[in-house]
Amino acid sequence: MMGSTTASTSRNAKRNAKRNAKRNAKRARAGASVLAVLTVAAATAGCKAQAAGSAPAAPSAPPRATATDDNKPTAPPSSPTASPSPTPPTATASPTPEPDPQGTTLMASGSQGKQVRELQARLRQIGHFDRSPTGYYGTVTVAAVQSFQGKRGLTRTGRADTLTWQKLLGMTREPTAAELNPPTTRPVTKPDKRCMTGRVLCISKNSRTLSWMIDGRVVSSMDVRFGSQYTPTREGTFSVYWKSRHHVSSIYHTAMPYAMFFSGGQAVHYSSDFAARGYNGASHGCVNVRDEGKIASLFAQVKNGDKVVVYG
């Protein structure tokens, strides 16, 4: 009995030993597998995992440009580089003005002098200027030149340019002294009896003329213009009490050259407005003269104290 028990015990021990050996072998194999996994994990630490068979991931690209609020794309930041030197703006040559096909302007609105007087006299010879020359290039002269230019196929500038002047010279003759300096554009009436003695500025409102008379003899005559119905020129017998060569009105701030005062603020003087507009205007009570040459000569002759007679 005792021998059977011993044999049985021996067999159980052998079986347990075999089982333990198998378990130990399994454990050894499992440990080796774990060790292999840990080794691979350590070798690949820090890398991004990829799907099997896929290509290596490309390095990340800089951010793409995006649209801003005003629809202008913003470029990715770039490394600083030296700014190119600014290109100087290209100078643009200003266009050269084309020359006037009618030549250089010789006379125009506002011009005055002997050549203007000759222009007016020549225009009058062929019916483009309907009054005596004044020597002042005003609106009437502009209209006369435009009329002449239109009839001759020229551009109606109203300026007396080289071509206009040459055509006018070819169609007219040299003006006489009487044509250049007529006594007046208006007929002089019989002088008032108060004008027949002494040195007198004899001024007629009816004929619209001024005659400079000495002892009943007419020395010179000229066209004049008077005040309007609201600022009439006073009538009567007066005397020159003040002469002012370069006078300027303190009330109207207008030039009154060659002023010869005879009644308060009323004077005989040159008027560029009268020269330009003729009888389309009026004075503020003064006696306007439109021929500057004539009143300049008159101013030189008249003295303070000379008589002035204004009558209707």
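See above for the structure.
Presented here is a report on the structure given in the accompanying data block.

Here is what the cut-offs are and how they apply
Residues numbered from 1 in each chain as written. Predicted model: local features only at pLDDT ≥ 70, side-chain atom pairs only at ≥ 80, totals over all residues. Heavy atoms only, no water. Helix = DSSP H or I, 4+ residues; strand = E, 2+ residues; numbered from the N terminus. Phe/Tyr/Trp six-rings, centres within 6.5 Å; stacked < 30°, edge-to-face > 60°. Buried < 20%, exposed > 50% of the residue type's maximum accessible area, 1.4 Å probe, protein only. Salt bridge = Lys/Arg side-chain N within 4 Å of Asp/Glu carboxyl O. Core = buried A, V, L, I, M, F, W, Y, C linked by side-chain atoms within 4.5 Å. Contact = heavy atoms within 4.5 Å. Pairing = 2+ DSSP bridges. Axes fitted to C-alpha atoms, helices over the stretch in contact; angles between N-to-C directions. 1 Å grid on protein atoms, 1.4 Å probe; cavity = no way out; pocket = protein on both sides within 12 Å on 5 of 7 lines; lining within 4 Å. Points joined across faces, edges and corners; volume = space filled by probe spheres on them. Nonpolar A, V, L, I, M, F, W, Y, C, P; charged D, E, K, R; others polar.

## Quick word on unusual backbone geometry
The residue Asp215 is not glycine, and still its phi comes out positive at about 55°. Relative to the assigned elements, Asp215 resides in the loop between strand S6 (209-214) and strand S7 (217-225). With a phi angle near 55°, Tyr258 is a residue other than glycine that sits in the positive phi range.

## Section: the packing of aromatic side chains
Within this structure, the stated rule accounts for five aromatic pairs. Aromatic side chains Phe238 and Phe262 sit 5.4 Å apart centroid to centroid with 50° between the ring planes, which places their arrangement in the tilted category. Of this pair, Phe238 sits in strand S8 (residues 236-239) while Phe262 sits in strand S10 (residues 255-263); the two residues are 24 residues apart in sequence, bridging distant segments of the chain. Taking the relative accessible area as the measure of exposure, Phe238 reaches 19% and is therefore buried. The interplanar angle of 70° and the centroid separation of 5.7 Å between the aromatic rings of Tyr258 and Phe299 together place this pair among those described as edge-to-face. Taken as a pair, Tyr258 in strand S10 and Phe299 in helix H7 (residues 292-301) lie far apart in primary sequence, 41 residues in all.

## What about the pattern of salt bridges?
A complete count under the given rule lists nine salt bridges for this structure. Put simply, Arg117 and Asp291 hold a salt bridge, and the shortest N to O gap is 3.1 Å. With Arg117 in helix H2 (residues 114-125) and Asp291 in the loop between strand S12 (287-289) and H7, the pair connects residues that are 174 residues apart, well separated along the chain. Given the relative accessible area of 8%, Asp291 is considered buried.

## What to know about the nonpolar core
Within the largest apolar cluster, 25 residues are counted, with the highest numbers of intra-cluster contacts made by Leu201, Ile203, Leu210, Met260, Val268, Leu298 and Val308. Excluding anything up to four places from it in sequence, Leu201 contacts Leu210, Ser211, Trp212, Val240, Leu298, Val302, Lys307, Val308 and Val309.

## Brief notes about the sheet that holds S8
Strand order across the open sheet formed by nine strands is S8-S13-S5-S6-S7-S12-S11-S10-S9, with mixed pairing between neighbours. Of all strands in the sheet, those bounded by a partner on one side alone are S8 and strand S9 (242-248). Neighbour-to-neighbour, the strand axes of the sheet open up by a mean angle of 30°, direction not taken into account. Summarising the sheet, strand S11 (residues 266-270) and S12 pair through three bridges and their orientation is parallel. When the sheet's bridge partners are listed, Val268 is paired in S12 with Val287.

## Some thoughts on the layout of surface pockets
The volume enclosed by the largest pocket comes to roughly 510 Å³. Put simply, the parts of the chain that give the lining of the largest pocket at least two residues each are S10, S11 and helix H6 (272-277). The leading source of residues in the lining of the largest pocket is S10, at four residues. Broken down by class, the residue content of the lining of the largest pocket amounts to nine nonpolar, 14 polar and three charged.

In short, the description is geometric, and any link to function would need to be established separately.
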